[in-house]
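Residue strings, one per chain:
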Amino acid sequence: MPLPIALIRSSLFALLIGWAVLLSARAELPAANPRQTWQMLDYIAVDYAGAVQDGRIVAPGEYAEMQEFADTVRRQLAALPAKPKQPALLIQADRLVALVAAKAEPTEVAALARGLADAILASYSIGVVPGSPPEPAKAAALYAQQCAACHGPAGHGDGPAAAGLDPPPIAFTDADRAAQRTPLALYEVISQGVPGTGMASFAGLPEADRWALAFYVGSLAYSPQTRADGEALWRKNVEVHGRIPTLEALTRTREADLAATLPTTQAHAIVAYLRSRPQAVNEPVAGAGRFALARQRLADSERVYAAGDAAQATTLALSAYLDGVEPIEPTLAARNAALLREIETAMAGYRTQIGRRAAAADIAAQATQINALFDRAEAVLQDTHTDTTTAFLGSFTILVREGLEALLIVIGMIAFLRKAERRDVLPYVHAGWAGALLAGAATWAAATYLVDISGANREVTEGVSALFAAAVLLSVGIWMHQKSLAGRWQQYLHAKLSAALTRRSAIFLFVLAFVAVYREVFETILFYIAMWSEQSSGAILAGLIAGSMVLVAVAYWMLRMSKRLPIGQFFSISSVLIAVLAVVLVGKGVAALQEAGWVPQALIAAPRIEWLGVYPSWQSLLAQLTVAVAAAIGFLVNTRTSRALAPGDPS
């Protein structure tokens, strides 16, 4: 639909402001980076034992480095942005400097250094987490190219360049040292290097390669048999999953962390397996049911909340729903939609209770209720007699539900341009929706073969794009309503439309068509990936074809109807429909950002009507009410202005 240049500029400006607000709400940019401080503390914890033994200096060069690092940690902590716990951190840093100067026992220095490092992570997020599970096996060639010259082909620290280095390169096969290091520490060394040594920074490598290298070198100290033993333990011992619930937790886990609750040999084997196959932390436990991942994340959330970490509890609760429940939604919705709504409402209530800092007993009771709902859902999904019908209905419903909103927007633009006799602009709209389909195909390939798109990322993409489309549609609806009251349509179209539809406006139409369609394609593809199975593939494809036929029929009917309507009436009806769609999209956008944890969620007693974007939270309902009132005010102002300007109007 054509937009005046001023309207386009205001919409784009509003979008930029919205992005700035979202980014400022999600990101904190400290004046100093705590990553190097954390890295030096890890280095002290591991290497101090090689410099001091029994109160004596056994490696003067190494000891001088420990002193330098301890002093640097103290200075850098003082330079970091002020935090409530910063004074306590500085006191610990002063004690660390004193212990190193006094040649204290390595166990005491290591404990203090690690405690201080953990405290820094709690106060200053270093923001280093793999975007997707690393693939250590693919890093072997990279290691041979970049690392083997110093560290040796097998990681023994005996490469051809090792003889000329002081201190000598690290032997990755040293089991004691490997047990003390975390993949995060190895990643930081690879990324930043180690001053005063031959270890240079490899920050020029892609981040994914650096993570893969970190896990690869961290696994060189473990034998294939140890990894196999670890795999068996990981699959059999479900409780240990709570110790390493996420990929982020794995990057910060040492053997000693697991050995606190497991036999040392078992901790050794599990770490060996997970460092060689880090994606295992994101895989459901075999034989634990369709909701295994959701149950695991929920239990982890309950545990960390009881320990006082409400922020991590919220993150895990979101993952329980987004990564553990939402991929199963299409199948469960086709069999028992009411039960699915109960699960969604109960899990939203659980997150709300965490946000309100409810008592741990109340959180546990809510978790018990959710697990009971999971039990009911498992029973529903175990019924295999209707698998074919369920797969067909799920596939059909997903496509029609997700495609209809995008269809309304795109067909509306096409119908208007045809009415306005501006077919020269149609290629921009067609390029927009066609480009969205191609981008969707690329998303499918990436989600299937390259990366694991998390539920939170999915909801953020859907939420931001929905709010963008809602803002644009609201302004378009008010503009169209104004023109529907102006009269003299043919004169307006021929005299004004050419100026309104400049090249910039046409490009904006391309962007709107792309965003509207890609938002739906993105969600649809991820749903299909989640529900796909070889046994039901035929039914899923049949549902896809049937849904496509319905969408084509709806598009044909809409275009036929638009041709029959007088242009003034077409604008009047379209303006109302567009305003309603803006209300729907803003409700869905806010709900998506709530599910991603970007917007708080306070539940109220209200119905949940997804196709209207109505969700039982006052934030989403208030956003919808705001858009509806804005549209109503715009329509009212348009009507009064039209009457005031009409010739012969007695008013």
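Presented here is an overview of the structure given in this document. (Residues numbered from 1 in each chain as written. Predicted model: local features only at pLDDT ≥ 70, side-chain atom pairs only at ≥ 80, totals over all residues. Heavy atoms only, no water.)

**Topic: the overall build of the protein chain**
Part 1 of the argument: Secondary structure summary: the protein chain contains 26 helices and two strands in total.
Part 2 of the argument: Pairs at least 24 residues apart make up 74% of the contacts formed inside the protein chain by residues separated by at least 6 positions.
Part 3 of the argument: Within the structure as shown, the protein chain displays about 29800 Å² of accessible surface, and the carbon and sulfur contribution to it stands at 62%. (Helix = DSSP H or I, 4+ residues; strand = E, 2+ residues; numbered from the N terminus. Contact = heavy atoms within 4.5 Å. Areas by Shrake-Rupley, 256 points an atom, 1.4 Å probe, with all protein chains shown as cover.)

**A few points about helix α24 (residues 537–564)**
Part 1 of the argument: Taking 1.5 Å per residue as the helical rise, α24 with its 28 residues ought to reach 40 Å, and the 41 Å between its terminal C-alpha atoms agrees with that figure.
Part 2 of the argument: Listed as buried for α24 are Ser537, Ala539, Ile540, Gly543, Gly547, Leu551, Ala555, Met558, Leu559 and Ser562. (Expected span 1.5 Å × (residues − 1). Buried < 20%, exposed > 50% of the residue type's maximum accessible area, 1.4 Å probe, protein only.)

**Overview of the packing of aromatic side chains**
Part 1 of the argument: For the coordinates displayed, the defined rule picks out eight aromatic pairs.
Part 2 of the argument: Aromatic pair Tyr143 and Tyr216: ring centres 5.5 Å apart, planes at 55°, arrangement tilted. Here the residue Tyr143 occupies a position in helix α6 (residues 140–146), and Tyr216 occupies one in helix α10 (residues 207–218), the gap between them amounting to 73 residues. No difference in accessibility class separates Tyr143 from Tyr216, as the two residues are buried.
Part 3 of the argument: Here the aromatic rings of Phe514 and Tyr518 are separated by 5.7 Å at their centres, their planes lie at 10°, and the arrangement is stacked. Highlighted residues: Phe514 and Tyr518, both in helix α23 (residues 503–531), separated by four residues, approximately one helical turn.
Part 4 of the argument: An aromatic cluster is defined as three or more aromatic residues linked by ring pairs; in this entry it consists of Tyr143, Phe172 and Tyr216. (Phe/Tyr/Trp six-rings, centres within 6.5 Å; stacked < 30°, edge-to-face > 60°.)

**Concerning the environment of Ala442**
Part 1 of the argument: Positionally, Ala442 belongs in helix α20 (residues 426–450).
Part 2 of the argument: Expressed as a C-alpha distance, the spacing of Ala442 and Phe522, which sit 80 residues apart in the sequence, is 10.0 Å.

**Focus: the nonpolar core**
Part 1 of the argument: If you look at the biggest cluster of nonpolar residues, it comprises 74 residues, and the most contacted ones within it are Ile44, Leu77, Tyr143, Trp234 and Leu274.
Part 2 of the argument: Not counting chain neighbours up to four residues away, the residues in contact with Trp234 comprise Val240, His241, Ile244, Ile270, Tyr273, Leu274, Ala280 and Val281.
Part 3 of the argument: Val410, Val425, Phe522 and Leu551 belong to the second largest nonpolar core, which has 46 residues in total. (Core = buried A, V, L, I, M, F, W, Y, C linked by side-chain atoms within 4.5 Å.)

**A short note on the side chain of Ser319**
Part 1 of the argument: Within the fold, Ser319 resides in helix α16 (residues 310–322).
Part 2 of the argument: Residue classification places Ser319 among the buried residues on the basis of a relative accessible area of 12%.
Part 3 of the argument: Those residues within four positions of Ser319 in sequence are excluded, and the remaining contacts are Arg297 and Gly324.

**Description of unusual backbone geometry**
Part 1 of the argument: At Asp54, a position not held by glycine, the phi torsion is positive, near 55°.
Part 2 of the argument: Examined against the element boundaries, Asp54 turns out to sit in the loop between β1 (52–53) and β2 (56–57).
Part 3 of the argument: Look at Lys103: it is not a glycine, yet its phi comes out positive at around 55°.
Part 4 of the argument: Note on placement: Lys103 falls in the loop between α4 (86–101) and α5 (106–123).

**Describing the environment of Gln369**
Part 1 of the argument: Residue placement: Gln369 occurs in helix α18 (residues 360–382).
Part 2 of the argument: In this structure the C-alpha to C-alpha distance between Gln369 and Tyr350, which are 19 residues apart in sequence, comes to 9.8 Å.

**Some thoughts on the state of the cysteines**
Part 1 of the argument: Summed over the entire model, instances satisfying the criterion amount to zero disulfides.
Part 2 of the argument: The structure places no disulfide on Cys150, whose sulfur is separated from the nearest cysteine sulfur, that of Cys147, by 8.6 Å. (Disulfide = S-S within 2.5 Å.)

**Quick notes on the pattern of salt bridges**
Part 1 of the argument: Evaluated as defined, the whole model comprises 11 salt bridges.
Part 2 of the argument: Two residues, Lys138 and Glu135, come together in a salt bridge whose shortest N-O distance is 3.3 Å.
Part 3 of the argument: A relative accessible area of 34% places Glu135 in the partly exposed class.
Part 4 of the argument: With a closest N to O distance of 3.4 Å, Glu342 and Arg376 form a salt bridge. Of this pair, Glu342 sits in helix α17 (residues 329–355) while Arg376 sits in helix α18, and the two are 34 residues apart along the sequence.
Part 5 of the argument: For Glu342, a relative accessible area of 37% corresponds to the partly exposed category. (Salt bridge = Lys/Arg side-chain N within 4 Å of Asp/Glu carboxyl O.)

**Some remarks on a positive patch on the surface**
Part 1 of the argument: A surface patch of positive charge is lined by Arg418, Arg423, Arg560, Lys563 and Arg564.
Part 2 of the argument: Tallying contributions element by element places α24 first for the positive patch, with three residues.
Part 3 of the argument: Inspection of the secondary structure assignment puts Arg418 in helix α19 (residues 387–419).
Part 4 of the argument: Judged by its relative accessible area of 30%, Arg418 is partly exposed. (Patch = residues over 30% accessible without salt bridge, like charges linked within 9 Å, V, L, I, M, F, W, Y side chains within 5 Å. Lys, Arg positive; Asp, Glu negative; His and termini not counted. Charge placed at Lys NZ, Arg CZ, Asp CG, Glu CD.)

**Brief notes about a nonpolar patch on the surface**
Part 1 of the argument: A grouping of Ile604, Trp618, Leu622, Leu625, Val629, Ile633 and Val637 is seen on the molecular surface, where their side chains present a nonpolar patch of about 640 Å² in accessible area.
Part 2 of the argument: Turning to its location among the elements, Ile604 is positioned in the loop between α25 (567–595) and α26 (618–645).

**Brief notes about the side chain of Arg275**
Part 1 of the argument: Relative to the elements of secondary structure, Arg275 occurs in helix α14 (residues 264–276).
Part 2 of the argument: The buried charged residue Arg275 lacks any salt bridge partner; its closest oppositely charged side chain belongs to Glu255, at an N-O distance of 6.2 Å.
Part 3 of the argument: At a separation of 3.3 Å, a polar atom in the side chain of Arg275 contacts the main-chain carbonyl oxygen of Ala178.
Part 4 of the argument: Among the polar contacts listed, one links the side chain of Arg275 to the backbone oxygen of Arg181, at a separation of 2.6 Å. (Polar contact = N/O pair within 3.5 Å; in protein donor to acceptor, adjacent residues only side chain to side chain.)

**Comments concerning the packing of helix α2 (residues 35–47) against helix α3 (residues 60–79)**
Part 1 of the argument: Interhelical geometry of α2 versus α3 gives an angle of 150° and a closest axis separation of 9 Å. The pairing of α2 with α3 is recorded here as roughly antiparallel in orientation. Pair α2 / α3 crosses with left-handed handedness. For the pair formed by α2 and α3, the contact residues are Gln36, Thr37, Met40, Leu41, Tyr43, Ile44 and Asp47 on the first element and Glu62, Glu65, Met66, Phe69, Ala70, Thr72, Val73, Gln76 and Leu77 on the second.
Part 2 of the argument: By residue class, the composition of the contact of α2 with α3 is nine nonpolar, four polar and three charged. (Axes fitted to C-alpha atoms, helices over the stretch in contact; angles between N-to-C directions. Parallel < 35°, antiparallel > 145°, perpendicular 65-115°, else oblique. Left-handed = near helix turned anticlockwise from the far one by under 90°. Nonpolar A, V, L, I, M, F, W, Y, C, P; charged D, E, K, R; others polar.)

**Quick look at the packing of α4 against α5**
Part 1 of the argument: Two elements in contact, α4 and α5, have axes whose closest approach is 10 Å; the angle formed by their N-to-C orientations is 155°. Taken together, the axis directions place α4 and α5 in an arrangement best described as roughly antiparallel. Of the two elements, α4 crosses α5, and the hand of that crossing is left-handed. Contacts from Leu89, Gln92, Ala93, Arg95, Leu96, Leu99 and Val100 in α4 reach Glu108, Val109, Leu112, Ala113, Gly115, Leu116, Ala119, Ile120 and Ser123 in α5.
Part 2 of the argument: A class-by-class count of the residues in the contact of α4 with α5 yields 11 nonpolar, three polar and two charged.

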